[in-house]
Amino acid sequence: MTRQTTFHDALRDAGRPVPPGLLDRWGNSAGKRFDVYRNNVTLSLIEALRDGFPATAALLGEANFWAIARGFVADHAPKSPLMFLYGDAFSAYLTRVRPLAHLGYLPDVAALEWQMRLAYHAADASPVTADRLTPETLLSARFGFAPAVRLMRSDWPVAAIRAYALGDGPAPTGGAQSVLITRPEYDPVLTVLAEPQAALMEALMTGQTLTDALQPDADLPAFLTLILQQNALISLISEDE
Amino acid sequence: MFDHPTHLPAGPGVGFKPQHYADILAHPGPVQWLEIHAENYMGDGGRPLAMLRHLAERFAISVHGVGLSIGGEGPLDPAHLARLKHLCDWLHPASFSEHLAWSTHGAEFLNDLLPLPYTAATLARVCDHIDQVQEVLGRRMLLENPSSYLRFAASTWEEPEFLSEIARRTGCGLLLDVNNVFVSATNLGTNPRAYIDAYRTDLVGEIHLGGFDEDADDVGAPLLIDSHGRPVADPVWTLLEYALAQTGPKPILIEWDNDVPDWPVLAAEAARAAERMPA
């Protein structure tokens, strides 16, 4: 076993002894001094989760969030030095924390926050402008969406719960929500879609043409206005191109 | 090979925090340059890169890596090295620096700067990695001294001599973190001025200052933690003056990464650094 493997294993498991050969200023075993590194790693990762999942943290409350985040951190070290990508497995982890089973919506709130973070860091793209939208191209073309655009389907009023948790909306009511995430400029924007619009968006995102994707009850003008205003549409790809 | 020598101005800079963006542009005060953590600007787009692009039009930028794990026992991550190259090729920063530390083990990134024994094996490995970094980036890098909370029985070098030898072998420059010198000397019971005296002050391309937290070890001895969460301590300012007497005017950075204050507080710390710059 290499020296850094021994150091790493003791760092990640506080039940292990301080590795041999680590000393304090008098040549005694480093003891509590080694804990500085343990604390730096654990606390910095918990804080990264708290910063990345503010609504999830607010819903749980400070003490509960720290306890749950500590459990996640123990099992999930970052896989990359890009700390803005830390936490991809957090939502799935929450589904496995048994004391949270009664908070069925919590993993979806975390998943929404994760998708918003990806949208925040997604590549920039130039939107299609309304003057390019002729009826023929609209009906026959496949829609290319900006890299920031995402659709999240939830069995819970997930956008309303998030807003409530952040002190940004009333107590949530109602059931399932489908949430469109866009980034008109630099901040992700959430729009709750009615079911026909959500089904339309979903079909368009899989590459169907508008003709094939159109839902009977979808308000098409409102939908097109929305995706144009949100700078979500970046290309129209004709079948014959 | 090195077409981009250090061009950071010999004045105060600060670690850039996004919440200060508008204030920095409107009221830079004494701040002449900015430092960013490389890893925060490795996304595909969005606000972080847009902010950086605008800031780079006004300020010299120092790219400071915190995730390369130069002291790691394993090879450098080629994907991360490629991301650094991409960032530097896009931004053309005035300086690139990293740490004498390790942070990655196997597939895990540990998000801390972990310590190294100062041995022949570490020396060879770190020099190989720095050679690789400088070759890929096509520029000279600066290497920063760590904060130490413990020492290794295996070490056969003192830290200043170890850094000097790395610089001699690789041609890299040095980033002197005066707060780290003070923190390590306090924690290890050594003399911070003797450290500066033994250090190759002629190779310093940049100086760091930051605040520390105070704790105690198992026997009640002072244990300073390099927290970057408060103002620079008085003895660190004094040590800065001692170091500047040997280095001459240098770019001096205020690092404040936790409990980040409002802009006027940070700008005032930068002004304190400017006051100490030798004529």
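Reading guide: rules and limits
The numbers attached to residues start from 1 for each chain and follow its sequence in the written order. In the order they appear in the text, chains get letters beginning with A and ligands get numbers beginning with 1. Totals for whole chains, interfaces and linings use every residue, but because this is a predicted model, local features are given only for residues with pLDDT of at least 70 and side-chain atom pairs only at 80 or more, for both listing and counting. To obtain the side-chain values, all non-hydrogen atoms of the structure were used and water was disregarded. When a carboxyl oxygen of Asp or Glu lies within 4 Å of a side-chain nitrogen of Lys or Arg, that pair is called a salt bridge. When a residue's accessible area, from a 1.4 Å probe over protein chains only, is under 20% of the maximum for its type it is buried; when over 50% it is exposed; and in between it is partly exposed. In this analysis, two residues are considered to be in contact whenever any of their non-hydrogen atoms come within 4.5 Å of each other. Defined here as a combined quantity, buried area equals the accessible surface (1.4 Å probe) lost by two parts on assembly, summed across both. Whenever two N or O atoms come within 3.5 Å, that pair is a polar contact, provided that in protein one can donate a hydrogen and the other can accept it, and provided that, for residues adjacent in sequence, both atoms are side-chain atoms. Secondary structure elements follow DSSP: runs of H or I of four or more residues count as helices, runs of E of two or more count as strands, with numbering from the N terminus. UniProt positions are given in the numbering used here, feature names are shortened, and annotations may be inferred rather than shown by experiment.

Within an unreviewed UniProt entry, the label attached to chain B reads DUF692 domain-containing protein, and the organism entered is Thalassobius vesicularis.

In the annotation of an unreviewed UniProt entry, chain A is listed under the name DUF2063 domain-containing protein and assigned to Thalassobius vesicularis.

For the structure shown, the criterion picks out 20 salt bridges over all chains. The closest approach of N and O atoms between B:Arg200 and B:Asp202, which form a salt bridge, is 2.8 Å. The class for B:Arg200 is partly exposed, based on a relative accessible area of 33%. One network of salt bridges, with partners in common, ties together A:Arg153, A:Glu195 and A:Glu202.

Looking now at the interface of chain B and chain A. At the interface, 50 residues of chain B touch 42 residues of chain A. Where chain B abuts chain A, roughly 4,100 Å² becomes buried across the two surfaces, and 57% of that area is made up of carbon and sulfur atoms. When residues of chain B are sorted by the area they lose upon contact with chain A, B:Arg47, B:Phe109 and B:Arg151 head the list and together hold 15% of the total. Taken together, the connections running from chain B to chain A amount to 4 salt bridges. The interface formed by chain B and chain A holds 23 residue pairs in polar contact (both at pLDDT 80 or more) in total. Of all elements in the fold, only helix H2 (47–58), helix H3 (78–91), strand E5 (102–105), strand E6 (108–114), strand E8 (151–152), helix H6 (178–188), strand E11 (213–216) and strand E12 (222–225) of chain B reach the threshold of two or more residues within the side of chain B that touches chain A.

So, on to the UniProt feature "domain: Putative DNA-binding" (unreviewed entry) in chain A. In the UniProt entry, the feature "domain: Putative DNA-binding" (unreviewed entry) is given for residues 4–94 of chain A. Annotation note: span residues 4–94 of chain A, helix share 62%, strand share 2%, distance between end C-alpha atoms 31 Å.

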